Amino acid sequence: QQPVQSPQAVILREGEDAVINCSSSKALYSVHWYRQKHGEAPVFLMILLKGGEQKGHDKISASFNEKKQQSSLYLTASQLSYSGTYFCGTEIEGAQKLVFGQGTRLTINP
Amino acid sequence: EAQVTQNPRYLITVTGKKLTVTCSQNMNHEYMSWYRQDPGLGLRQIYYSMNVEVTDKGDVPEGYKVSRKEKRNFPLILESPSPNQTSLYFCASSLFASGMYNEQFFGPGTRLTVL
């Protein structure tokens with residue numbers, strides 16, 4: 001079952017913050033986050049496991065709310081290089097399938 | 001260099017002409033998968049394989065076949081392509097350990113046009 005991402009698209013100025021959400025109606029075991037730049041393949045950002053994890057590197061971090069079956073990706077003080085489409089992938093507990101969302105298109109303007 | 005390769009990168013074909021898109025990884029990954037990407041629909045899984053000779057349907061398997069005879073290769077076969085299979089296709093691989101998917105490594109993509 002495909003997770004739902006919101007918003008579908010967001011436009012920011014450089015330096016502004018963004019939050020991208022990923023929700024599932026099923027209990028999740030893990031959430032993956034990937035970024036895809038135009039014309040390229042998706043690239044791994046991070047994985048979060050159930051248990052309410054938080055992770056981050058540079059100014060990109062994420063959280064996993066197990067009770068809500070929701071993960072949020074936080075991009076702080078956005079840079080031009082953050083532009084692209086962000087995908088979450090979810091692994092439902094017991095299902096052993098990794099399913100990606102429809103993507104969130106992030107545009108950072110100077 | 002650890003990588004997933006796909007061939008061809010671009011392909012224009014006609015309805016009904018059988019084609020194969022190859023995918024190969026050099027990281028000894030158990031898990032391999034095929035996705036198609038269409039505007040607004042994200043990455044939709046076509047087929048996946050947990051190991052050699054083990055394959056299963058994803059969310060959009062109709063019109064596609066796969067095989068996993070060797071660990072490194074996972075070809076996608078379109079026996080009778082139709083215009084609605086025009087799309088961008090990605091192959092991906094990862095370790096699958098302790099019941100958990102690890103980082104997915106994606107190939108560069110194959111842009112297929114079926115006329």
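Sequence order sets the numbering: in each chain, residues are counted from 1 along the sequence as written. The naming scheme follows written order: chains are lettered A onward, ligands numbered 1 onward. Given that this is a predicted model, residues contribute local features only at a pLDDT of at least 70 and side-chain atom pairs are listed and counted only at 80 or more, while totals for whole chains, interfaces and linings are drawn from all residues. Values reported for side chains reflect all heavy atoms of the structure, with hydrogen atoms and water molecules removed beforehand.

A. Layout of the pairing of strand β11 (residues 104–109) of chain A. Residue and element names in this part refer to chain A. For every residue, the accessible area obtained with a 1.4 Å probe (protein chains only) is divided by the maximum for its type, and the residue is called buried under 20%, exposed over 50%, and partly exposed between those limits. For the purposes of this entry, the term helix denotes a DSSP run of H or I that reaches at least four residues, the term strand denotes a run of E that reaches at least two, and both are numbered from the N terminus. Only one face of β11 is covered, namely the one carrying Thr 104, Leu 106 and Ile 108; the face carrying Arg 105, Thr 107 and Asn 109 has none of its residues buried. Only when DSSP finds a minimum of two bridges between them are two strands counted as paired. Strand direction decides the pairing type here: strand β2 (residues 9–13) and β11, joined by 5 bridges, are parallel. Looking at the pairing, Ile 11 lines up with Thr 107 of β11. Here 3 bridges tie strand β9 (residues 84–92) to β11, and the two strands are oriented antiparallel to one another. Bridge pairing links Thr 85 to Arg 105 in β11.

B. Structural context of the side chain of Arg35(A). Residue and element names in this part refer to chain A. Following the sequence through the fold, Arg 35 ends up in strand β4 (residues 28–36). Among the residues examined, Arg 35 registers a relative accessible area of 19% and is labelled buried. Here a polar contact is taken to be a pair of N or O atoms separated by no more than 3.5 Å, where protein atoms must pair a possible hydrogen donor with a possible acceptor and residues adjacent in sequence count only if both atoms sit in side chains. Of note is the side chain of Arg 35, whose polar atom sits 3.0 Å from the side chain of Tyr 86. Look past the residues within four positions of Arg 35 in its chain and what remains in contact with it is Ala 41, Pro 42, Val 43, Leu 45, Ile 60, Ser 81, Tyr 82, Ser 83, Thr 85 and Tyr 86. Should any heavy atoms of two residues lie within 4.5 Å, those residues are counted as being in contact.

Read these as layout, nothing more, since geometry by itself doesn't imply function.
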